[in-house]
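Notes for the structure review
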Amino acid sequence: MEEIYCFAGNPLDRVSERRRDKEWIASLLADPQSRILPLYDLKPAVPDMLRPALPWQEIAPWRGAIDGGATLIFLGVGEGRAYFAIDASGGDNPDPTPENIDVRTLAPQIPAGEAAILAEARSLIDWHARHRFCAQCGTPTDVSAAGWTRRCTKCRASHYPRSDPVTIMLVVRGERALLGRNKRRPGRRFSCLAGFMEPGETPEESVRREVGEESGIRVGRVKYLAAQPWPFPSTLMMGFLAEGISEEITIDPEELAEARWFDREEIREMVVRAASGEDDPEQLSLPQPLAIAHHLCRRWSNRLDEI
């Protein structure tokens, strides 16, 4: 059975063929069954973190913000109602009690489908905030297609949200695997090597190039395992196992502070610590289960996947 990692498994029907139907969208906004998710600086205001859930609200209280031009996203339809998200940044929270919770903190504590919807909302609202001007002529752009397009008011160019492809890979050689530590990571936290794909290369070519650039290790076979949407701001993490065909490590100091080969048992122990939430800066650690890197290490260290 295919595993669903955090931010994947969105249950909504995005109904992309009707996003430009303004009358239909207006009817959904007028429907009292529809719900809206406000994000304040890309964070939801959660009423009770003892019972964490997405804070869906009725749309009526948000009509003023919608009519005033706040960025509005049609997320999709599910269980007989429509769902929207709105950029509430700079506006007053109608309920001053809830705390705005970072997506990384909230996502592991809510059902997978809700985390995926939250990722969709965060990525799109962030994209609009970053793309207010036309990349072709520099003129301000308007939101259209229910939040899925920006349209230039001068040259009429259309601009669409995108996901940037990233390859993330666990390089294995016999009973050992290669992990690296980024300068920005605290303590002794290691992870899989990763990097953005470049134009004109396949994912497999990206794996080999990135591993070579960052660690000096040459890669043979490459095996795709799984993918994860990553809404920080909007990437698609494509996970691979890669066969290391050399052993001597030469790190790129601009990319990594350190890279090492770890025994399978060492990685299995790191997986257990990360899954338990241990955060001892003196111990070797991995990303928590929120990230696909954790699952690449978990699956290989438990012999669920081999190159």
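Below you will find a few notes about this structure. Nothing here was measured: the structure is a model prediction, and the numbers come from that model. (Residues numbered from 1 in each chain as written. Predicted model: local features only at pLDDT ≥ 70, side-chain atom pairs only at ≥ 80, totals over all residues. Heavy atoms only, no water.)

Looking only at helices and strands, one finds 7 helices and 15 strands in the protein. Taking the principal axes of the C-alpha coordinates as reference, the protein spans close to 60 × 50 × 35 Å. Summed over all atoms, the accessible surface of the protein reaches about 15300 Å², with 48% contributed by carbon and sulfur. Across the protein, 39 positive and 47 negative side-chain charges occur, with their mean positions spaced 3 Å apart. (Helix = DSSP H or I, 4+ residues; strand = E, 2+ residues; numbered from the N terminus. Areas by Shrake-Rupley, 256 points an atom, 1.4 Å probe, with all protein chains shown as cover. Lys, Arg positive; Asp, Glu negative; His and termini not counted. Charge placed at Lys NZ, Arg CZ, Asp CG, Glu CD.)

Summed over all chains, the structure comprises 0 disulfides. No disulfide involves Cys6; its nearest neighbouring cysteine sulfur is the one of Cys192, lying 16 Å away. With no disulfide partner, Cys152 has as its closest neighbouring cysteine sulfur the one in Cys137, 3.5 Å distant. With relative accessibility at 0%, the residue Cys152 sits in the buried group. (Disulfide = S-S within 2.5 Å. Buried < 20%, exposed > 50% of the residue type's maximum accessible area, 1.4 Å probe, protein only.)

In terms of nonpolar packing, the biggest core is built from 54 residues, with Phe7, Leu170, Leu179 and Ile267 touching the most fellow members. Among the elements that make up this core, the one with the highest residue count is helix H4 (residues 112–130) (7 residues). Setting aside its immediate chain neighbours within four residues, Phe7 contacts Val103, Ala107, Ala115, Ala116, Ala119, Gln228, Pro229, Trp230, Pro231, Phe232 and Leu290. (Core = buried A, V, L, I, M, F, W, Y, C linked by side-chain atoms within 4.5 Å. Contact = heavy atoms within 4.5 Å.)

On to the packing of helix H6 (residues 264–276) against helix H7 (residues 292–301). Relative orientation and spacing of two packed helices are given, respectively, by the angle between their axes and the distance between those axes. Where H6 meets H7, the axes come as close as 9 Å, and the angle between the chain directions of the two elements is 130 degrees. Judged by the inter-axis angle, H6 sits oblique to H7. The element H6 and its partner H7 pack so that their crossing is left-handed. Residue-level contacts link Arg264, Ile267, Arg268, Val271, Ala274 and Ala275 of H6 to His294, Cys297, Arg298, Trp300 and Ser301 of H7. The residue makeup of the contact of H6 with H7, split by class, is 6 nonpolar, 2 polar and 3 charged. (Axes fitted to C-alpha atoms, helices over the stretch in contact; angles between N-to-C directions. Parallel < 35°, antiparallel > 145°, perpendicular 65-115°, else oblique. Left-handed = near helix turned anticlockwise from the far one by under 90°. Nonpolar A, V, L, I, M, F, W, Y, C, P; charged D, E, K, R; others polar.)

A cis geometry characterises the amide bond from Phe232 onward to Pro233, with omega recorded as 5 degrees. Along the chain, Pro233 falls in the loop between strand S13 (219–230) and strand S14 (235–244). Positive phi values are uncommon outside glycine, yet Asp41 reaches one of about 50 degrees. Within the secondary structure, Asp41 is located in the loop between strand S1 (35–40) and strand S2 (43–46). Overall, Asp41 belongs to the exposed group, its relative accessible area being 57%.

Here the largest pocket defines a volume of roughly 1100 Å³. If you trace the largest pocket, you find 41 residues lining it, with Arg185, Ser191, Trp230, Met237 and Ala291 closest to the centre. For the lining of the largest pocket, the elements supplying multiple residues, two or more each, are H4, strand S10 (164–173), strand S12 (193–196), S13, S14, H6 and H7. With 4 residues, the top contributor of residues to the lining of the largest pocket is S12. Residues of the lining of the largest pocket, tallied by class, amount to 27 nonpolar, 7 polar and 7 charged. (1 Å grid on protein atoms, 1.4 Å probe; cavity = no way out; pocket = protein on both sides within 12 Å on 5 of 7 lines; lining within 4 Å. Points joined across faces, edges and corners; volume = space filled by probe spheres on them.)

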